[in-house]
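Report on the structure
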Amino acid sequence: MHNTNLFYKKLEEFAKSFIPPRVIESSQGAYLTINGKKMLNFCSSHYLGLADNSRLKQAAKEATDKYGIGTGYRTLAGTHILHVELEKAIAKFKGAESAVVFTSAYMANCAAIQTIMAKEDIIISDELNHASIIDAVRLSQVKNKFIYKHTDIKSLEQQLKLASKTANTAKSDGKKPLVLIITDGVFSMDGDLAPLPDIVKLAKKYGALTMVDDAHGEGVMGKGGRGIVDHFDLIGQVDIEIGSLSKAFSVIGGFIAGKKTLIDFYMQKARQRLFSIALTIPDTAAALEAIKILQESDAPVKKLWDNVNYIKSEFKKLGFDVGQSKTPITPVMLGDEQVAKEFSAIVLVKGPVDLVSNRGEETVEIHGGNAGMTKGGTGDVLAGLIYPIFQILFEK
């Protein structure tokens, strides 16, 4: 049998275990319509409830009417005035000198690492960093990679000490290797935070750069949702901040924020920017409007946290272990992978509530209690999550 036949035979075997995704027939909000059925949505990262926001929709419509839809390559004829405005707004919002936008945060991570790190440089990474960071490190082809235990500062320093031996040896071009520490800001599985103050302190001690992927911190952590760097009062002390425009801001795209000299370098050298079409006009306009909303008021962030604290409190009252999450991501520890699967399936029917099912472990993740949801009185959306879970416990 030819290799090509074996290849497709293997794919056919894999296809037998394929589980098709749920198809959404509505906007992304407190409720989703799936197979004609209205369900509560607790598996979304639209933390601020902006996915169906009237202001974002109007901004996208007006921009489309005025400028059309498509763009182009940023280095040729694709840098639109809205792109420039968005990047300035992001930099101001983040308290950074400058920012550059990409078509996704995934691409932003790839660009951030690949553009500045050479094969003989050094990367030190948290063991539970996001897949996009792992892929970005692979793409960079950096040979000297060190992994430290999840959020473990002692482990990080051990790896920095090991890396120091390599760092003191000149590269083939005669220059000293660059050392980059990479971490998620908010870890999306358990909702825990990176110990950023300690990471920054060690980076300064060992002469390393720092990079934080704050995809799940933007719009959620810090003053008015300005992210984990602001949350820890470290503005200007983290070299590379990666952000997402597709989670709390509910549009699409990603960005890198940092010092102007660094951002200028990315603008000139990042292949993910040079060889990719820029964000569309409506996406750019909507993202810009989302940032304006947070610049005007922190009310959406306060509403989010009011809901999140309610959810965590109610789960604890029911006797669940919700881990150490300090973010809107609430892990419900069930102790068994199969139980987690069954739990999600039962709640889907009884609620009906759509949850993030387990991650191959024993946990169900509750995403949000987003700012578009209500609690108390009529239209008690959040009680719609708690009540079916109470029913399950009662029947057991």
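Look up: the structure comes first, before these words.
The structure reproduced in this document is the subject of the present report. The structure presented is a predicted model; accordingly, all values stated were derived computationally and were not measured. (Residues numbered from 1 in each chain as written. Predicted model: local features only at pLDDT ≥ 70, side-chain atom pairs only at ≥ 80, totals over all residues. Heavy atoms only, no water.)

Moving on: unusual backbone geometry. With a phi angle near 55°, Asn 35 is a residue other than glycine that sits in the positive phi range. Among the structural elements, Asn 35 can be located in the loop between strand E1 (31-34) and strand E2 (37-42). With relative accessibility at 69%, the residue Asn 35 sits in the exposed group. Positive phi is not limited to glycine here, since Ser 250 has a value of about 60°. For Ser 250, the location among the structural elements is in the loop between strand E8 (240-244) and strand E9 (254-258). Taking relative accessible area as the criterion, Ser 250 reaches 11% and is therefore assigned buried. (Helix = DSSP H or I, 4+ residues; strand = E, 2+ residues; numbered from the N terminus. Buried < 20%, exposed > 50% of the residue type's maximum accessible area, 1.4 Å probe, protein only.)

Here we take up the pattern of salt bridges. If you walk through the whole model with that rule in mind, you get 14 salt bridges. The salt bridge involving Asp 214 is made with Lys 94; its shortest N-O contact spans 4.0 Å. Taken together, the residues Asp 214 in the loop between strand E7 (209-213) and helix H8 (228-231) and Lys 94 in helix H3 (residues 81-94) connect sequence positions 120 residues apart. Each member of the pair Asp 214 and Lys 94 is classed as buried. (Salt bridge = Lys/Arg side-chain N within 4 Å of Asp/Glu carboxyl O.)

Turning our eyes to something else, we now look at the side chain of Asp 184. Positionally, Asp 184 belongs in strand E6 (residues 179-184). As a buried residue without a salt bridge, Asp 184 has its nearest oppositely charged side chain in Lys 247, at a separation of 9.7 Å. A distance of 3.4 Å separates a polar side-chain atom of Asp 184 from the backbone nitrogen of His 130. If we ignore the near neighbours within four places in the chain, the residues touching Asp 184 are Leu 128, Asn 129, His 130, Ile 133, Ala 194, Val 212 and Asp 213. (Lys, Arg positive; Asp, Glu negative; His and termini not counted. Polar contact = N/O pair within 3.5 Å; in protein donor to acceptor, adjacent residues only side chain to side chain. Contact = heavy atoms within 4.5 Å.)

In this sheet, E2 lies alongside E1 in antiparallel orientation, the contact comprising 4 bridges. Directly across from Tyr 31, in E2, lies its bridge partner Leu 40. A loop of 2 residues connects E1 with E2, the two strands running antiparallel in sequence, and Asn 35 in this loop sits at a positive phi of about 55°. (Pairing = 2+ DSSP bridges.)

The full count for this structure, using the stated rule, is 1 cavity of 30 Å³ or more. Counted as a void, the largest cavity has a volume near 70 Å³. Considering the residues around the largest cavity, the lining is formed by Arg 74, Val 101, Phe 102, Thr 103, Gln 272, Arg 273, Ser 276, Ile 277, Ala 278 and Leu 279. For the lining of the largest cavity, the secondary structure elements donating two or more residues are strand E3 (98-102) and helix H10 (271-274). For the lining of the largest cavity, the residue count by class is 5 nonpolar, 3 polar and 2 charged. (1 Å grid on protein atoms, 1.4 Å probe; cavity = no way out; pocket = protein on both sides within 12 Å on 5 of 7 lines; lining within 4 Å. Points joined across faces, edges and corners; volume = space filled by probe spheres on them. Nonpolar A, V, L, I, M, F, W, Y, C, P; charged D, E, K, R; others polar.)

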